[in-house]
Amino acid sequence: MYQDLKKIFWWPRMKEDVARFVYACLTCQKSKIEHQKPAGLMQPLEIPEWKCDSISMDFVTGFPNTASGHDSIWVIVDRLTKSAHFIPINITYPVAKLAEIYVRVIVKLHGVVLGPEIVRETTEKVKMIREKMKASQSRQKSYHDKRRKELEFESGDHVFLRVMPVTGVGHALKSKKLTPRLIGPYQISERVGTVAYRVALPPNLSNLHDVFHVSQLRKYVPDPSHVIHMDDVQVRENFTVETMPIRITDREIKSLRGKDIPLVKVVWTGTTGESMTWEMESKMRDSYPELFERV
């Protein structure tokens, strides 16, 4: 902007005034690409003191029923020794039933250590594992933090929330120069942990969890000239904003590995304005059959 203005205008400290205006410009804040390191230093998990002190678990579902009535697998992993257990269950089991299974399968194997020799040997192995985990965590954090920056906010600060516009079939849209990449600003209500903050969200974003990692936030620079309008967008849980197709403008056949794939050029509209992408005709017919009634 300064390079264009100086061809026509001049005033004292002009360059500083232009930089200050651009820095606080609401449109620029919501659309400008950051050329800095992402925010948020790595926060390693606490290393457990003893085996089975800390476990992680997950449920793998969707299997056909077995003769015993099981349709899922309960995966339990000890974070210290990395030993894993795969327990067949039914996904409808109540918590009390799962606790009974945990005691019968996990506590039975790892709950009691007998004999001084076994205790000494086990203690030495646990100590060795913890030392190696600490060294590995330190190495990973050092590598990660070289490519990150530390960023902190205070309770009461206002921040933007990063979102990504995508097509109705899941493809990210290319952003134009002044395409908004953030929504807001919203007020930070409290700090949660070291690199997360609770944000006061409006009712139209009630589907989102209100705690965000610092990398999802950007500081809002206030200015008396700003007129803040509420962003009328519906953001998905993965921070994407869906755009809707309005028309098909072109068609072509693309040959790939001996196959002909029909493509259509679709115009999408949303908070970012109009954008065009090439999409597979079959996917568009499945998702938006009404578009082809107009063609």
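Below or above, wherever it landed, is the structure these notes cover. Everything numeric here is computed off the predicted structure, so don't read it as measured data. Along each chain, residue indices are assigned from 1 in the same order as the chain's sequence is written. Local features in this predicted model are restricted to residues of pLDDT 70 or higher, and side-chain atom pairs are both shown and tallied only at a pLDDT of 80 or more, whereas totals for entire chains, interfaces and linings draw on every residue. Hydrogens are left out, water is left out, and the side-chain values use all remaining heavy atoms of the structure.

### Observations concerning the overall build of the protein
Here is step 1 of the chain: Across its full length, the protein holds 7 helices and 13 strands.
Here is step 2 of the chain: Restricting the calculation to C-alpha atoms gives the radius of gyration, and the globule rule supplies 2.2 Å times the number of residues raised to the power 0.38. Its C-alpha atoms give the protein a radius of gyration of 27 Å, more than 25% over the compact-globule value 19 Å for 295 residues.
Here is step 3 of the chain: Along the first, second and third principal axes, the C-alpha set of the protein runs to 90 × 60 × 40 Å.
Here is step 4 of the chain: Relative accessibility decides the category of a residue: with a 1.4 Å probe and only protein chains considered, values under 20% of the type maximum give buried, values over 50% give exposed, and everything between is partly exposed. For the protein, the residues scored as buried account for 30% of the 295 residues in total.
Here is step 5 of the chain: Note on contacts: a residue pair is in contact if any heavy atoms of the two residues lie within 4.5 Å. Within the protein, contacts between residues separated by at least 24 positions form 57% of all contacts whose residues are at least 6 apart in sequence.
Here is step 6 of the chain: By element, 57% of the accessible surface of the protein is carried by carbon and sulfur atoms, the whole surface being about 19,600 Å². Under the DSSP-based scheme used, a helix requires at least four consecutive residues in state H or I and a strand at least two consecutive residues in state E, with every element numbered from the N terminus. Here the Shrake-Rupley method, with its probe set to 1.4 Å, supplies the accessible areas, and only the displayed protein chains count as covering residues.

### Describing the pattern of salt bridges
Here is step 1 of the chain: By definition here, a salt bridge exists when the distance from a side-chain nitrogen of Lys or Arg to a carboxyl oxygen of Asp or Glu is within 4 Å. The full count for this structure, using the stated rule, is 9 salt bridges.
Here is step 2 of the chain: Among the salt bridges present, the one from Asp145 reaches Lys141, with a minimum N-O distance of 2.8 Å. Taken together, the residues Asp145 and Lys141, both in helix H5 (residues 116-145) and 4 residues apart, mark about one turn of the helix.
Here is step 3 of the chain: Lys141 sits in the partly exposed class, given a relative accessible area of 27%.

### Let's talk about the sheet that holds strand E3 (residues 84-89)
Here is step 1 of the chain: Read from one edge of the open sheet, 3 strands run E1-E2-E3, paired in antiparallel fashion. The two strands at the open ends of the sheet, each matched to only one other strand, are strand E1 (55-60) and E3. Looking at each pair of strands side by side, their axes are set apart by 20° on average, direction ignored.
Here is step 2 of the chain: As paired strands, E1 and strand E2 (residues 72-78) are joined by 6 bridges and run antiparallel to one another. Of the residues in E2, the one forming a bridge with Phe59 is Trp74. Whether two strands pair comes down to DSSP finding at least two bridges between them. Helix axes are fitted only over the stretch in contact, all axes being lines through C-alpha atoms; the angle between N-to-C directions runs from 0 to 180 degrees.

### Here we look at the layout of surface pockets
Here is step 1 of the chain: A 1.4 Å probe that fits into a set of points on a 1 Å grid over the protein atoms alone but cannot get out defines a cavity; an open set with protein on both sides within 12 Å along at least five of seven lines defines a pocket, and lining residues are those with an atom within 4 Å of a point. Grid points are joined across faces, edges and corners, and a volume is the space filled by probe spheres set on the points. Here the largest pocket is characterised by a volume of approximately 860 Å³.
Here is step 2 of the chain: Side-chain classes are defined by residue name, with Ala, Val, Leu, Ile, Met, Phe, Trp, Tyr, Cys and Pro counting as nonpolar, Asp, Glu, Lys and Arg as charged, and the others, Gly among them, as polar. Residues of the lining of the largest pocket, tallied by class, amount to 17 nonpolar, 6 polar and 8 charged.

### A word on the pairing of strand E4 (residues 158-162)
Here is step 1 of the chain: Inspection of the sheet shows E4 paired to strand E6 (residues 182-192) by 4 bridges, in the antiparallel sense. When the bridges of E6 are listed, His158 appears paired with Gln187.

### So, helix H2 (residues 14-24)
Here is step 1 of the chain: Within the sequence span of H2, burial applies to Met14, Val18 and Ala24. Summarising the axial view, the buried residues of H2 lie within an arc of 140°, below the 170-degree limit, and thus occupy one face. For H2, exposure combined with an orientation more than 90 degrees from the buried face picks out Lys15 and Tyr23.
Here is step 2 of the chain: Buried positions along H2 lie against helix H1 (2-5) and helix H3 (26-31). This arc corresponds to the set of directions leading from the helix axis out to the C-beta atoms.

### Comments concerning the environment of Pro64
Here is step 1 of the chain: Tracing the backbone through its elements, the reader meets Pro64 in the loop between E1 and E2.
Here is step 2 of the chain: Take Pro64: its relative accessible area is 66%, and that puts it in the exposed class.

### Some details on the sheet that holds strand E9 (residues 217-219)
Pairing between sheet strands relies on hydrogen bonds along the backbone, with the strands arranged either parallel or antiparallel.
Here is step 1 of the chain: A sheet is described by the order of its strands in space; here 5 strands give the open sequence E8-E7-E6-E4-E9, paired in antiparallel fashion. Because the sheet does not close on itself, it has two edges, and the strands there are strand E8 (211-213) and E9. Pairwise comparison of adjacent strand axes, ignoring direction, gives a mean angle of 50° for this sheet.
Here is step 2 of the chain: Sheet analysis places E6 next to strand E7 (residues 196-199), joined by 4 bridges and oriented antiparallel. Across the sheet, Val192 pairs through a bridge with Ala196, a residue of E7.

### What about the packing of aromatic side chains?
Here is step 1 of the chain: Between rings of Phe, Tyr and Trp, where Trp is taken as its six-membered ring, a pair exists when centres lie within 6.5 Å; planes separated by under 30 degrees are stacked, by over 60 edge-to-face, and by other angles tilted. Tallied over the entire structure, the rule returns 5 aromatic pairs.
Here is step 2 of the chain: Pairing Phe212 with Phe239 gives two aromatic rings, centres 5.7 Å apart and planes at 50°, and the pair type is tilted. Of the two residues, Phe212 sits in strand E8 while Phe239 sits in the loop between E9 and strand E10 (240-242), which places them 27 residues apart along the sequence.
Here is step 3 of the chain: Note on Phe212: relative accessible area 2%, which makes it buried.
Here is step 4 of the chain: Over a ring means this: the NZ of a Lys or the CZ of an Arg is within 6 Å of the ring centre and within 35 degrees of the ring normal. It is Arg147 that lies over the ring of Tyr143; its NZ or CZ is 4.0 Å from the centre.

### Some points on the pairing of E3
Here is step 1 of the chain: Burial of E3 is one-sided: the residues His85, Ile87 and Ile89 facing one way are buried, the residues Ala84, Phe86 and Pro88 facing the other way are not.
Here is step 2 of the chain: As judged from the 6 bridges shared by E2 and E3, these two strands associate in the antiparallel manner. Among the inter-strand pairings, Trp74 is bridged to a residue of E3, identified as Ile87.

### Details of unusual backbone geometry
Here is step 1 of the chain: The residue after Gly184, namely Pro185, is reached through a cis peptide bond having omega 10°.
Here is step 2 of the chain: With respect to the helices, strands and loops of the structure, Pro185 is situated in strand E6.
Here is step 3 of the chain: At Phe239, a residue that is not glycine, the phi angle is positive and equals roughly 65°.
Here is step 4 of the chain: On the basis of relative accessibility, which here comes to 23%, the residue Phe239 falls in the partly exposed class.

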